[in-house]
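# Reading the structure
Residue-level listing of the chains:
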Amino acid sequence: MKFFSLLFMGCLFLAFGCNKEDICGENLITIEQYIMDNNLNVQEGAEGLLYIIEDPGGIDRPSSTASVTVNYRGVTTDDVVFDETNGSAVPFRLSNLIRGWQLGIPLVGQGGRVKLFIPSELGYGSRAVGSICPNSDLIFDIELVSFSE
């Protein structure tokens, strides 16, 4: 019985002893540092978006009001995956997505692939969302499967 009490207390200590401020310290890696560390050649787009077009896809591009279907993988600048589709494409209305996606997805056509380096102000800004810390720069690998206007 004493063992279970100690185990329970240990779990409580871990649960309450660690909070988002501990995890989301001041050691966030910037996109610029990530790009330098990985020796990447990126292009600069509107509003500070950085990107690499891996495959331009079709000629036609989605508008800002298009419905898009994408495969994607999102990671933080320390390469922690926070979301991905695992090959099961999902539909979105582009106008409902973060600003970085609104600017980046129209850079490719159907079948295209783009890597977006999104500064926090084009992502979630100072808000924490799920496991994403406030002020986090984000990296997305996106395949534009299809779109409709």
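The rules behind the values
- Residues numbered from 1 in each chain as written.
- Predicted model: local features only at pLDDT ≥ 70, side-chain atom pairs only at ≥ 80, totals over all residues.
- Heavy atoms only, no water.
- Phe/Tyr/Trp six-rings, centres within 6.5 Å; stacked < 30°, edge-to-face > 60°.
- Buried < 20%, exposed > 50% of the residue type's maximum accessible area, 1.4 Å probe, protein only.
- 1 Å grid on protein atoms, 1.4 Å probe; cavity = no way out; pocket = protein on both sides within 12 Å on 5 of 7 lines; lining within 4 Å.
- Points joined across faces, edges and corners; volume = space filled by probe spheres on them.
- Nonpolar A, V, L, I, M, F, W, Y, C, P; charged D, E, K, R; others polar.
- Pairing = 2+ DSSP bridges.
- Helix = DSSP H or I, 4+ residues; strand = E, 2+ residues; numbered from the N terminus.
- Polar contact = N/O pair within 3.5 Å; in protein donor to acceptor, adjacent residues only side chain to side chain.
- Core = buried A, V, L, I, M, F, W, Y, C linked by side-chain atoms within 4.5 Å.
- Contact = heavy atoms within 4.5 Å.

Attention shifts here to the packing of aromatic side chains. Summed over the entire model, instances satisfying the criterion amount to seven aromatic pairs. Here Phe 92 and Trp 101 contribute two aromatic rings whose centre-to-centre distance is 5.9 Å and whose plane-to-plane angle is 90°, an arrangement assigned as edge-to-face. For Phe 92, a relative accessible area of 26% gives the class partly exposed. Cluster of aromatic residues (ring-pair linked, three or more members): Tyr 72, Phe 82, Phe 92, Trp 101 and Phe 140.

There is about 210 Å³ of room inside the second largest pocket. Looking at the lining of the second largest pocket residue by residue, the class counts come to 10 nonpolar, two polar and one charged.

Sheet topology places strand 3 (residues 67-76) next to strand 4 (residues 81-84); three bridges connect them, and they run antiparallel. Within strand 4, the position partnered with Arg 73 by the bridge is Glu 84. Hairpin connection, strand 3 to strand 4: the antiparallel pair is bridged by four residues, and Asp 79 has positive phi, about 65°.

Following the sequence through the fold, Glu 121 ends up in the loop between strand 6 (113-118) and strand 7 (138-148). Considered as a pair, Glu 121 and Gly 100 are 21 residues apart in the sequence and their alpha carbons are 8.7 Å apart. Engagement of the side chain of Glu 121 in a polar contact is seen with the side chain of Ser 120, the distance being 3.5 Å.

Glancing now at the nonpolar core. Judged by nonpolar contacts, the single largest core of 24 residues is most densely connected at Val 70, Trp 101, Ile 105, Leu 116, Ile 118, Phe 140 and Ile 142. Of all elements in the fold, only strand 3, helix 4 (99-104), strand 6 and strand 7 reach the threshold of two or more residues within this core. Residue contributions to this core peak at five residues, all from strand 7. If near-sequence neighbours (up to four positions away) are discounted, Val 70 is found in contact with Thr 85, Ala 89, Val 90, Phe 92, Trp 101, Ile 105, Ile 142, Glu 143, Leu 144 and Val 145. Among the nonpolar cores identified, the runner-up in size contains eight residues, and Ile 31, Ile 35, Val 75 and Ile 139 belong to it.

We now examine the pairing of strand 3. The element strand 3 is extensively covered by neighbouring structure, given that seven of its 10 residues are classed as buried. Examined bridge by bridge, strand 3 and strand 5 (residues 90-93) share four bridges and lie antiparallel to one another. When the sheet's bridge partners are listed, Val 68 is paired in strand 5 with Phe 92. Judged from the 10 bridges that link them, strand 3 and strand 7 form a sheet pairing that is antiparallel. For Arg 73, the partnering residue across the bridge sits in strand 7 and is Asp 141.

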